[in-house]
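Here is how the chains run, residue by residue.
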Amino acid sequence: MITCVAETAALCGESPLWDARHGLLRWVDITRQRVHAFDPVSGVNTTVQLDCLVSAVLLLEGSDALILATARGLARLDPGTGALSLLHDPEPDLPGNRLNDCKADPSGALFAGTMSEGAKGPSGGLWRYGGGAPLRLVSGLTITNGLGWSPDARRFYLVDSAAGEINVFDHDPGSGALSNRAVLASYAPDQGKPDGLCLDQAGNLWVAIWDGARVECLSPQGAVLRRVDLPVQRPTSCCFGGDDLRRLYVTSAAIGIDKPGLDGGVFALDVEEPGLPATPIRSTVIIGPTGPM
């Protein structure tokens, strides 16, 4: 049974991330420009207010600082003081683009997706920060979403929400290279749009379906294994958390909803198969104005 654990009324809740170091669920509200931390023990949700759009939050190796994807580029946040320092913009030549979904791969390299603001066209791409100059791995995307790796890191999953597709690639765990792109699953407009995703330890994908009021569990071959209905129209993303990684957290959006109820809340569901933990970004892969930081 899925329950609402935080009635936050986020306009566009996104990027849930389990911070096992502090027992917190970190997430963002893109539209309200906020970084949140939810404590499931106390039920308290704390907020850092920014002055720019923020679409993803990530952990940083060896530090309590967080890495954010913002409309200005990648940034480093001190969650205690709220101090924000910009690090790098992968696409300064594309002012109509911004960062969207970002995650660390199992080696600690950063995969950063970009999108056309307002989903105006396929100018978005996928970048890899692995140390040295960032590399654009995929082009021609409109809304880059749903990044994830199989348990052995040999398969990589990528959503383009505008196209309604979940793509799968072969992934080289050593170099981060992607190859053999294929469509794992596609959705007709009346089925909703795939958005954020995460993987469990069996290699199954858990996918939030925007405008579909549900989360789906897909096999590595794309078969639907389970559907979990939600009391909100626009679930946005999901991650595994808790001490045993058997609690699935789901963010949602209230934006565009005429009569929001629990829309924009954070939900939780206990599952049998544990999830994969979030990997912190290696400090050496973040590129700043003077080189690796």
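Owing to the predicted nature of the structure, the values given are computational and were not obtained by experimental measurement. Each chain carries its own residue numbering, running from 1 in the direction its sequence is written. Since the coordinates come from a predicted model, pLDDT governs what is reported: local features require at least 70, and pairs of side-chain atoms require 80 or more to be given and counted, while whole-chain, interface and lining totals use all residues. For side-chain calculations, the full set of non-hydrogen atoms in the structure is used, while hydrogens and water are omitted.

> So, unusual backbone geometry: which residues are in play, and what are the values?
Even without being a glycine, Gln33 presents a positive backbone phi close to 60 degrees. Relative to the elements of secondary structure, Gln33 occurs in the loop between β3 (24–29) and β4 (34–38). When its relative accessible area of 22% is taken as the criterion, Gln33 is described as partly exposed. Unlike most non-glycine residues, Ala153 shows phi in positive territory, near 65 degrees. In this structure, Ala153 sits in the loop between β14 (144–149) and β15 (155–160). Per the convention used, a helix needs a DSSP run of H or I reaching at least four residues, while a strand needs a run of E reaching at least two, with both numbered from the N terminus. The classification of residues rests on relative accessible area computed with a 1.4 Å probe and restricted to protein chains. Under 20% of the type maximum is buried, over 50% is exposed, and intermediate values are partly exposed.

> Please set out the sheet that holds β4 residue by residue, giving values where relevant.
Being paired, for any two strands, means DSSP has found at least two bridges between them. Here 4 strands make up an open sheet; going across it, the order is β2-β3-β4-β5 and the pairing antiparallel. Edge positions in the sheet fall to β2 (13–19) and β5 (45–49), since each has one partner strand and no second. Neighbouring strand axes in the sheet, compared pairwise and without regard to direction, differ in orientation by 20 degrees on average. The sheet contact formed by β3 and β4 spans 5 bridges and is antiparallel. Its bridge partner being in β4, Arg26 is matched across the sheet by Ala37. Axis geometry follows a simple rule: fit a line to the C-alpha atoms, using only the stretch in contact for helices, then measure angles between N-to-C directions, giving values from 0 to 180 degrees.

> Quick one: what's the story with the nonpolar core, residue by residue and with numbers?
Leu25, Trp206, Leu248, Tyr249 and Val250 are the most contacted members of the largest nonpolar core, which has 26 residues in total. Secondary-structure elements contributing two or more residues to this core are β3, β20 (214–218), β22 (235–241), β23 (247–252) and β24 (266–270). Counting residues per element, this core draws most heavily on β24, at 4 residues. Residue types Ala, Val, Leu, Ile, Met, Phe, Trp, Tyr and Cys, when buried and joined through side-chain atoms within 4.5 Å, form a set referred to as a nonpolar core.

> Can you tell me about the packing of aromatic side chains, naming the residues and giving the values?
The criterion for an aromatic pair is that two Phe, Tyr or Trp rings (for Trp, the six-membered ring) have centres within 6.5 Å, with stacked assigned to planes under 30 degrees apart, edge-to-face to planes over 60 apart and tilted to the rest. According to the stated counting rule, one finds 6 aromatic pairs in the structure shown. An angle of 85 degrees between the planes, with centres 5.0 Å apart, marks the rings of Phe111 and Trp149 as edge-to-face. Of this pair, Phe111 sits in strand β11 (residues 110–116) while Trp149 sits in strand β14, placing them 38 residues apart in sequence. Pair check on accessibility: Phe111 and Trp149 agree, each one buried. Aromatic pair Phe111 and Phe156: ring centres 5.4 Å apart, planes at 40 degrees, arrangement tilted. In this pair, Phe111 sits in strand β11 while Phe156 sits in strand β15, placing the two residues 45 residues apart along the sequence. Each member of the pair Phe111 and Phe156 is classed as buried. An aromatic cluster is present here, built from Phe111, Trp149, Phe156 and Phe169 joined pairwise through their rings.

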